[in-house]
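Structural overview
The primary structure of each chain is shown beneath.
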Amino acid sequence: MLSGLEARGIAAAEAETARARERVAAALRIAFPGVEVLVQDGDIYLSGRLDRDDARLRWIGSQLL
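On a predicted model such as this, the values are computed, not experimentally measured, just so you know.

Okay, the overall build of the protein next. In terms of regular secondary structure, the protein is built from two helices and two strands. Going from the N terminus to the C terminus, the protein shows its helices and strands as α-β-β-α. The proportion of buried residues among the 65 residues of the protein is 11%. Partitioning the contacts of the protein with sequence separation of at least 6, the portion at a separation of at least 24 is 20%. For the protein, the exposed area adds up to about 5,300 Å²; of that, 57% sits on carbon and sulfur atoms.

Set out below in structure tokens:
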């Protein structure tokens with residue numbers, strides 16, 4: 001019984017993590033028009049030209065905490 005409950009809890013947590021990852025990716029797409037945002041294997045990748053001093057990069061860092 002406990003293993004079934006544990007499995008459902010793990011599945012629910014993984015599903016919520018995937019939804020949160022997609023929400024962050026969507027927010028990044030809005031914040032960085034023209035930059036490609038990919039979600040792959042549990043990671044989020046940004047591809048494109050960004051200025052190192054762009055204040056929006058600090059926003060990304062604040063989302064990781």
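Together, Val 24, Val 39, Ile 44, Leu 46 and Leu 50 make up a nonpolar patch on the protein surface, roughly 300 Å² of accessible area in all. Here Val 39 is to be found in strand β1 (residues 36-40).

The next thing to look at is the pattern of salt bridges. Inspection of the entire model under this criterion finds two salt bridges. Where Glu 16 meets Arg 23, a salt bridge forms, and the shortest distance between an N and an O atom there is 3.2 Å. Three or more residues joined by partner-sharing salt bridges are found here, namely Glu 16, Arg 19 and Arg 23.

Now for unusual backbone geometry. Most of the time, phi is negative for any residue but glycine, and the peptide bond is trans. Positive phi, normally seen in glycine, also occurs at Asp 41, with a value near 50°. With respect to the secondary-structure elements, Asp 41 resides in the loop between β1 and β2 (43-47).

We now examine the pairing of β1. In terms of strand pairing, β1 meets β2 through five bridges, oriented antiparallel. For Leu 38, the partnering residue across the bridge sits in β2 and is Tyr 45. Connecting β1 to the antiparallel partner β2 that follows it, the hairpin turn spans two residues, and Asp 41 within it adopts a positive phi of roughly 50°.

Rules used in this analysis
Residues numbered from 1 in each chain as written. Predicted model: local features only at pLDDT ≥ 70, side-chain atom pairs only at ≥ 80, totals over all residues. Heavy atoms only, no water. Helix = DSSP H or I, 4+ residues; strand = E, 2+ residues; numbered from the N terminus. Buried < 20%, exposed > 50% of the residue type's maximum accessible area, 1.4 Å probe, protein only. Contact = heavy atoms within 4.5 Å. Areas by Shrake-Rupley, 256 points an atom, 1.4 Å probe, with all protein chains shown as cover. Patch = residues over 30% accessible without salt bridge, like charges linked within 9 Å, V, L, I, M, F, W, Y side chains within 5 Å. Salt bridge = Lys/Arg side-chain N within 4 Å of Asp/Glu carboxyl O. Pairing = 2+ DSSP bridges.

Don't take any of this as a statement about function, it's just geometry.
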